[in-house]
Amino acid sequence: METPYWADDYRSKLTSPEEALRAIRHGQRVFIGSSCGEPQCLVRELAQKAHLFGDIEIVRLLSMESSPLTRIAARSGGDCFNLRSFYLGSGKTRTLQRNRRFITPINLSAVPRLLRSRQIPIHAALIQVSPPDDFGWMSLGISVDITLAAAEAASLVIAQVNPRMPRVLGHSFIHVNQVDRIVECEEELLTIADPPGLEAARQIAGHAVKLIENGSTIHIGLGAAPQATLAALSDRKDLGVHTRFLTDGIMKLVGLGVITNRRKGFNDGKLVASAAIGSKDLYAFINDNPCIEFRPSDYVNRPSIIARHNRMVALNVATAMDLTGQVAVDAMPYNNLSGVTDIMDFIRGAAEAPDGKSILMLPSTTLDGKQSRILPTLEDTAVVVPRGDVQFVVTEYGVVNLFGKSLQERAVAIISIAHPDFREDLFYQARQKGLLAPEQTLSASIFGVYPVKLEEVLEIAAERVLIRPTKPSDERLIQEHFYNMDKEDLVFRFMHEKPLFPRRDVAEMYHVDYIKNLTLAAVTGELGFETIIAIGGSFFHPARNEAEIAFSVLKDWQGKGIGTILIRKLADAARESGIGGLSAYTMPQNQKMIKLFHSLPYKVHTFFDEGTLCLSCRFDEPAEA
């Protein structure tokens, strides 16, 4: 049979919404285009004529619900509509919990295969497209994801042609000859506003962006924390994008020249996604833009494709985590699509990418602050991310790397980034569950708020060195630091020979409150696998209102100014905390320590006590010129 000229075919298929939907029969399965690409005109007609249909199964991703199909399905008990929403999560929010029976958990990369194989046959697909070009090709515009596969697999394709739908390039087109009914209906596309600028989201973003290097390729979800993270990336260079959703935040970074896609290592020069969700400006930006390619979910979400990108960073929002690292991922306020289906694809793809990273952003509490999102166990919540797949976790209180960590190390690390109000209970729960050693004690550090302002990145001897406060999870790193030190330096540091460094002896260096007691470490290497090359600690003596300080620097790093940096930072922090001065006790032969103390801009007092040299200074006594 000869294929008709597309323009004639187009005219012959034109019809009204009511007439187009009459082709749907009782008991059939109907796919509806995804998220902001939902064909609203057709869906409105479907909802209005719901009473005329029986046993229709609606197949879709989690919808923007422009028409109340879920409510109709719930009220009719399935007599009119039943729903099948592809959603990965446990539906803990009230709306989802009420309708959780409609959820089909599945990784997004697998959905197109499910549809094309007709293991779940699609009888009709309701899609929204742009007007045809000169060759009869219509773009699926802002929603390609699983929509293309559904249209290709469907027995009946009903297309709403909307002049406001942008023409997006890539593997995103369907031909006039491939559809069965055409409804012309011009209307505004669905949009979403930016989430509010929550302080917790800004704090999470401040930690997360430190993990994103120049030249990284990013995947990022929706919500307040991702939006704040994108805003905080304005000083990066040559970022690339391979992600599920394009958003206004990504568009702004393209405009600033931050996103260039030049160093992706795969699909260089192209911003690759499967859908867009945002404002009218975003939809105008992607229209016929040659640097943008939209592809189906079995390409964008395929872990083997994700893994081909340089420095792939997958940023996702989590809902809850337990002390072993198991993660729940559900919709929640201002992240209401965070649970949808793509998280495991990107976590596993990023893990296999060269220098790839997976980052989970987790608000430490619910919005009202009454409940911790870090829990002893995930008892009544489905685990979405297994503990073995979790790498970086970020809350307002810091970032930890759980990859390769024991259950005890995980528990200590996770408690350290929980909200301080809940850490004590989490600590006792962890010990009760056998995640912590019986001798592990509660200390001031468990209530302290990590002072991120004291962090400083330096380049020393052509290597990146991070100066930062120590954390409760640094226990083993501190022990290893002292085991790596020269014997003579150990004698100077402890004023006697010391071959062993058990936990109880180094505990005061990481059990700190960050106010009266503070320890700073100079570290090299990746977060979670760092090496401490130097330590400077200050320990408060209330009777004298002084902080006693002590230092240790590995032999290969001595003479490079690290001790000077540490002592200046400790002095500044002590002064800001209302401490009156510093003191140190050392051996008279330890000229390095004596010289270091005298480098402070304060008058130094010295005296001997049974062969020990005592140094002190007061912050209200500046050194003479």
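Residues numbered from 1 in each chain as written. Predicted model: local features only at pLDDT ≥ 70, side-chain atom pairs only at ≥ 80, totals over all residues. Heavy atoms only, no water.

Chemist: Honestly, the overall build of the chain in this entry has me stumped. Any pointers?
Modeler: Summing up its helical and strand segments, the chain has 21 helices and 30 strands in all. A burial count over the chain gives 61% of its 625 residues as buried. The contacts in the chain between residues at least 6 apart in sequence include a share of 69% that link residues at least 24 apart. When the accessible surface of the chain is summed, it comes to about 25700 Å², and 49% of that surface belongs to carbon and sulfur atoms. Between the mean site of the 68 positive side-chain charges and the mean site of the 73 negative ones, the chain shows a separation of 2 Å. (Helix = DSSP H or I, 4+ residues; strand = E, 2+ residues; numbered from the N terminus. Buried < 20%, exposed > 50% of the residue type's maximum accessible area, 1.4 Å probe, protein only. Contact = heavy atoms within 4.5 Å. Areas by Shrake-Rupley, 256 points an atom, 1.4 Å probe, with all protein chains shown as cover. Lys, Arg positive; Asp, Glu negative; His and termini not counted. Charge placed at Lys NZ, Arg CZ, Asp CG, Glu CD.)

Chemist: Help me understand the packing of helix H15 (residues 407–416) against helix H16 (residues 420–432) in this model?
Modeler: Helices that pack against each other are described as a pair by the angle of their axes relative to one another and the distance between those axes. At a closest axis distance of 10 Å, the pairing of H15 and H16 adopts a crossing angle of 170°. In this view, H15 runs roughly antiparallel relative to H16, as classed from their interaxial angle. Contacts between H15 and H16 involve Ala411, Ile415 and Ser416 from the first element and Arg423, Leu426, Phe427 and Ala430 from the second. Here the residues of the contact of H15 with H16 are counted per class, giving five nonpolar, one polar and one charged. (Axes fitted to C-alpha atoms, helices over the stretch in contact; angles between N-to-C directions. Parallel < 35°, antiparallel > 145°, perpendicular 65-115°, else oblique. Nonpolar A, V, L, I, M, F, W, Y, C, P; charged D, E, K, R; others polar.)

Chemist: What should I look at first to understand the environment of Ser583 in this one?
Modeler: Its location among the elements puts Ser583 in strand S28 (residues 581–586). Residue classification places Ser583 among the buried residues on the basis of a relative accessible area of 2%. With residues up to four places along the chain from it excluded, the contact list for Ser583 reads Arg544, Glu546, Ala547, Glu548, Ile549, Phe597, Leu615 and Ser616.

Chemist: Please clarify how helix H3 (residues 40–48) should be interpreted in this entry.
Modeler: Think of an α-helix as turning once every 3.6 residues; residues three or four places apart then point the same way. Of all the nine residues making up H3, seven are buried; the element is thus mostly covered by neighbouring parts of the structure. Among the residues making up H3, those that are buried are Gln40, Cys41, Leu42, Val43, Glu45, Leu46 and Ala47.

Chemist: Sorry if this is basic, but what is going on with the state of the cysteines here?
Modeler: Here, the word disulfide means a covalent bond between the sulfur atoms of two cysteines. Across all of its chains, the model carries zero disulfides by this definition. Free cysteine: Cys41, not disulfide-bonded; nearest cysteine sulfur from Cys185 at 3.3 Å. (Disulfide = S-S within 2.5 Å.)

Chemist: What exactly am I supposed to notice about the sheet that holds strand S19 (residues 357–361) here?
Modeler: The strands making up a sheet are joined through hydrogen bonds of the backbone, oriented either antiparallel or parallel. Taken together, six strands build an open sheet; the order of strands is S11-S10-S16-S19-S21-S22 and the sheet is mixed. Each edge of the open sheet is held by one strand with a lone partner, namely strand S11 (240–241) and strand S22 (398–401). Sheet topology places strand S21 (residues 392–395) next to S22; four bridges connect them, and they run antiparallel. Bridge pairing in S22 links Phe392 to Asn401. Across the sheet, helix H14 (residues 343–352) touches strand S10 (217–220), strand S16 (312–317) and S19, and the angle it forms with S16 is around 150°. (Pairing = 2+ DSSP bridges.)

Chemist: How should the side chain of Ser616 be read in this particular structure?
Modeler: Structurally, the position occupied by Ser616 is in strand S30 (residues 612–622). Taking the relative accessible area as the measure of exposure, Ser616 reaches 15% and is therefore buried. Leaving out residues up to four positions away in the same chain, Ser616 has contacts with Glu546, Leu582, Ser583, Phe597, Lys603, Val604 and His605.

Chemist: Would you take a moment to explain the pattern of salt bridges for this structure?
Modeler: Between side chains of opposite charge, pairing is possible as soon as their charged atoms come close. A full pass over the atoms with the stated rule returns 34 salt bridges. Here Arg236 and Asp235 are joined by a salt bridge, their closest N and O atoms 2.8 Å apart. According to the relative accessible area criterion, Arg236 is buried, its value standing at 16%. Relative accessible area serves as the criterion here: at 53%, Asp235 is assigned to the exposed category. Of the charged contacts, one joins Lys453 and Glu576 as a salt bridge, the two residues approaching to 3.4 Å between their closest N and O atoms. One end of the pair, Lys453, is in the loop between H16 and strand S23 (456–460); the other, Glu576, is in helix H20 (residues 562–576), with 123 residues separating them in the sequence. On the accessibility criterion, Lys453 (64% relative accessible area) is exposed. The class for Glu576 is exposed, based on a relative accessible area of 60%. Within the structure, one salt-bridge network assembled from shared partners comprises Arg164, Glu186, Glu188 and Lys280. (Salt bridge = Lys/Arg side-chain N within 4 Å of Asp/Glu carboxyl O.)

Chemist: Teacher, can you tell me more about the environment of Glu548 here?
Modeler: Counting through the fold element by element, Glu548 comes out in strand S27 (residues 546–553). The spacing of Glu548 and Tyr602 is 54 residues in sequence and 15 Å in space, taken between C-alpha atoms. Setting aside residues up to four positions removed in sequence, Glu548 forms contacts with Gly537, Ser538, Phe539, His541, Ser583 and Tyr585. For Glu548, the side chain forms a polar contact with the side chain of His541, separated by 2.9 Å. (Polar contact = N/O pair within 3.5 Å; in protein donor to acceptor, adjacent residues only side chain to side chain.)

Chemist: Help me out: how do you make sense of the packing of aromatic side chains in this one?
Modeler: Two measures describe an aromatic ring pair: the distance that separates the ring centres and the angle between the ring planes. Across all of its chains, the model carries ten aromatic pairs by this definition. On the numbers, 5.6 Å between centres and 80° between planes, the contact of Phe427 with Tyr428 is edge-to-face. When its relative accessible area of 38% is taken as the criterion, Tyr428 is described as partly exposed. Put simply, the rings of Phe482, Tyr483, Phe494 and Phe501 pair up and form one aromatic cluster. (Phe/Tyr/Trp six-rings, centres within 6.5 Å; stacked < 30°, edge-to-face > 60°.)

Chemist: Sorry, what's going on with the nonpolar core here?
Modeler: One broad trend across soluble globular proteins is that nonpolar side chains are buried collectively. By size, the foremost hydrophobic cluster in this structure holds 83 residues, and its most contacted members are Ile127, Leu246, Ile286, Phe294 and Leu315. Not counting residues up to four positions away in its chain, the partners in contact with Ile286 are Ile142, Pro166, Arg167, Val168, Leu246, Ala276, Ile292 and Phe294. In terms of nonpolar packing, the next biggest core, distinct from the first, is built from 56 residues, Ala507, Leu518, Leu582 and Leu615 among them. (Core = buried A, V, L, I, M, F, W, Y, C linked by side-chain atoms within 4.5 Å.)

Chemist: Sorry, what's going on with the environment of Thr531 here?
Modeler: Position of Thr531 among the secondary structure elements: in strand S26 (residues 531–541). Setting aside anything within four residues of it in sequence, one finds Thr531 in contact with Ala522, Val523 and Thr524.

Chemist: Quick question: what am I supposed to make of the packing of helix H8 (residues 199–208) against helix H9 (residues 224–231) here?
Modeler: Closest axis-to-axis distance for the H8/H9 pair is 8 Å, and the angle between their directions is 50°. Regarding the angle of H8 to H9, the classification is oblique. The crossing of H8 and H9 is right-handed. Contact with H8, carried on its side by Ala201, Arg202, Ile204, Ala205 and Ala208, involves Ala224, Ala225, Ala228 and Thr229 of H9 and no other residues of that element. A breakdown of the residues in the contact of H8 with H9 according to their chemical character gives seven nonpolar, one polar and one charged. (Left-handed = near helix turned anticlockwise from the far one by under 90°.)

On their own, these measurements won't tell you what the molecule is for.
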